[in-house]
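Architecture and fold: a report
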Amino acid sequence: MDNFTLITANTFGDGDGGYVKVEAGTISLQNGSQINTLSRSAGDGGSLNINASESITVSGYYTNAQGTKYYSGFYGDTDNLGEGGFIHITTPSLLLDNGRISTTAWGNGNAGYIRLDVTDLTLLPGSRIQSNSSGLGYGGLVQIDAAGTVLVSGASIKTEGFSTGESGFISINASALKLNNGAISTTAWGNGNAGFINLDIGRLSLSQGSSITSDTYVAGYAGLISIEASDSMSLSGSSYISTGTDLSGEGGLVGIKTPLLEMDLFSLITANTYGSGQGGYILVDAGKINLKNGSQINSFSRGSGNAGGVMILASDSIEIEGLYETVGHIYHSGFYCSALSTGNG
């Protein structure tokens, strides 16, 4: 499919969105082409069931005369009161190059559900997998099961809640997860609580400013990040794993289990609050832990709330060395639990 070609199943009344099933060897969506289902009234979004025995490629966008961009991808949206749609994709190789897989509840319903069953998933710059709620509903669910490697390079996997709803759930099960200037996030931009990120990985690596975050920016609680990397886990190049809240909500929880945790070049694992809530908690259960060149594991409060806690369990060894220097600041590698304003440390 090319040049803003569409396969669509929509409803404009009170019924639910339609059902689209595609089975093929290879599927290619280019230059704004889409497979989608949409409910524009009270009904729920529909379902997309996509199965490609060889590969799926999603790339590019189409720009109309008014300058609006339409990105290639799979969409399951609702415009009014209904729930977001369901997208299920099964294929050995799924590649997004500035493409989209998205369910959005633009009204007051909950966002939808995205499930990917793949061998390898590659997200190149500009690509997004997202399940969002723009009204009162909850952010959605993104579930990725990959027998091979998930690569997120200059791209994002996210759930968001923009009003009072929770921000959703992301689950990734893969042999390897590599983030290169990539992001995985659940975010509550309104009064809802931040969501839950669960990663069950063999090898996890974050580089070049990559991030895994679960945050809330108003009154809700910060979220939960649970990571089990059975082989190893590494962060470098100012990459970070963070859960935090800006106003009155409590800090979240980061739990990590791995035989080897390596952090370099001012990389961070942090659970923070910037308002009146208490800082979050971090639990690391590892064999070896190496912190280098200003890398830190910390929990702090920058507002009136108290700092949280950091618990480190290392069955083999801990090595802490070096610092990271920027203009006017020196950051020493280490473990920290601090109150940087009026709260208690």
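Read on for a plain summary of the structure. A quick note: this is a predicted structure, and the numbers were derived from the prediction, not measured.

Description of the overall build of the protein
When helices and strands are counted, the protein shows zero helices and 27 strands. A separation of at least 24 residues holds for 80% of the contacts in the protein among residues at least 6 apart in sequence. Counting only carbon and sulfur atoms, one obtains 48% of the accessible surface of the protein, whose full area is about 13,400 Å².

Side note on the sheet that holds strand 12 (residues 141–153)
Taken in spatial order, the eleven strands of this open sheet run 2-4-8-10-12-14-16-18-20-22-24, and their pairing is parallel. Edge positions in the open sheet fall to strand 2 (19–30) and strand 24 (309–321), since each of these has one partner strand only. For this sheet, the mean inter-axis angle between neighbouring strands, taken without regard to orientation, is 10°. The sheet contact formed by strand 12 and strand 14 (residues 169–180) spans eleven bridges and is parallel. For Ala146, the partnering residue across the bridge sits in strand 14 and is Ala174.

A word on a nonpolar patch on the surface
On the surface, Phe162, Trp189 and Tyr217 cluster together into a nonpolar patch covering about 280 Å² of accessible area. Within the element layout of this structure, Trp189 appears in the loop between strand 15 (183–188) and strand 16 (196–207).

Definitions and limits used
Residues numbered from 1 in each chain as written. Predicted model: local features only at pLDDT ≥ 70, side-chain atom pairs only at ≥ 80, totals over all residues. Heavy atoms only, no water. Helix = DSSP H or I, 4+ residues; strand = E, 2+ residues; numbered from the N terminus. Contact = heavy atoms within 4.5 Å. Areas by Shrake-Rupley, 256 points an atom, 1.4 Å probe, with all protein chains shown as cover. Pairing = 2+ DSSP bridges. Axes fitted to C-alpha atoms, helices over the stretch in contact; angles between N-to-C directions. Patch = residues over 30% accessible without salt bridge, like charges linked within 9 Å, V, L, I, M, F, W, Y side chains within 5 Å. Salt bridge = Lys/Arg side-chain N within 4 Å of Asp/Glu carboxyl O.

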